[in-house]
Amino acid sequence: MAKSIFQRIIDRELPAKIAYEDDLCLAIHDINPQAPVHMLIFPRKPLARIADAGKDDQALLGHLLLTAARVAQAVGLDESGFRLVINSGRDAGESVPHLHVHLLGQRRLGWPPG
Ligand code: 5GP
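Right, let's walk through the structure included here. (Residues numbered from 1 in each chain as written. Predicted model: local features only at pLDDT ≥ 70, side-chain atom pairs only at ≥ 80, totals over all residues. Heavy atoms only, no water.)

**Thoughts on unusual backbone geometry**
Next, step 1: The omega angle of the peptide bond from tryptophan 111 to proline 112 is 5 degrees, so this bond is cis rather than trans.
Next, step 2: Checked against the element boundaries, proline 112 lands in the segment after β5 (101–105).
Next, step 3: Notably, arginine 12 is not glycine yet its phi reads approximately 60 degrees, a positive angle.
Next, step 4: We classify arginine 12 as partly exposed; its relative accessible area is 48%.
Next, step 5: A positive phi angle, close to 75 degrees, is found at glutamine 106, a residue other than glycine. (Helix = DSSP H or I, 4+ residues; strand = E, 2+ residues; numbered from the N terminus. Buried < 20%, exposed > 50% of the residue type's maximum accessible area, 1.4 Å probe, protein only.)

And the structure:
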């Protein structure tokens, strides 16, 4: 299977504005931001989407969420708030088949989402 865009960013084949990385995941700035803060947190492990994650991924999924919250705090969103979004599959609008958490903030976000 072809490498996803995010796998190519992990492998440094494509440039990205990397805000954070550790041995399990990266946080980058979205190329097409939908809010003043729009970052993507994704694992190094090439999991296509949350629907494909299994019991073995439990700790990794926890790490992604905690990292997203930490990155949100690092850019000053802890008081104003922020939203984490995971799109899984066609109806959710998933466009990159490499699991990622969107971190959105620094503006009022509507609900329900479109
Ligand atoms: P999805 O629609 O799969 O939930 O989200 C994919 C996200 O990846 C979109 O918000 C899109 O703007 C972002 N994206 C797609 N290609 C690139 C890229 O090459 N670099 C970065 N930084 N973000 C990308």
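**A look at the environment of alanine 72**
Next, step 1: Along the chain, alanine 72 falls in helix α2 (residues 58–74).
Next, step 2: For the pair alanine 72 and leucine 40, spaced 32 residues apart in sequence, the C-alpha to C-alpha distance is 11 Å.
Next, step 3: Setting aside residues no more than four positions away along its own chain, alanine 72 makes contact with Leu77, Asp78, Phe82 and Leu103. (Contact = heavy atoms within 4.5 Å.)

**Some words on the pattern of salt bridges**
Next, step 1: Here the structure, examined in full by the defined rule, presents 9 salt bridges.
Next, step 2: A salt bridge links arginine 49 to aspartate 52; its shortest N-O distance comes to 3.0 Å.
Next, step 3: On the basis of relative accessible area, aspartate 52 is assigned to the partly exposed category, the value being 44%.
Next, step 4: Its salt-bridge partner being glutamate 94, residue arginine 49 comes within 2.8 Å of it at the nearest N-O pair. You can see arginine 49 sitting in the loop between β3 (37–43) and α2 and its partner glutamate 94 sitting in the loop between β4 (82–85) and β5, a full 45 residues away along the chain.
Next, step 5: For arginine 49, a relative accessible area of 23% translates into the label partly exposed. (Salt bridge = Lys/Arg side-chain N within 4 Å of Asp/Glu carboxyl O.)

Everything listed is a geometric property; what it means functionally is a separate question.
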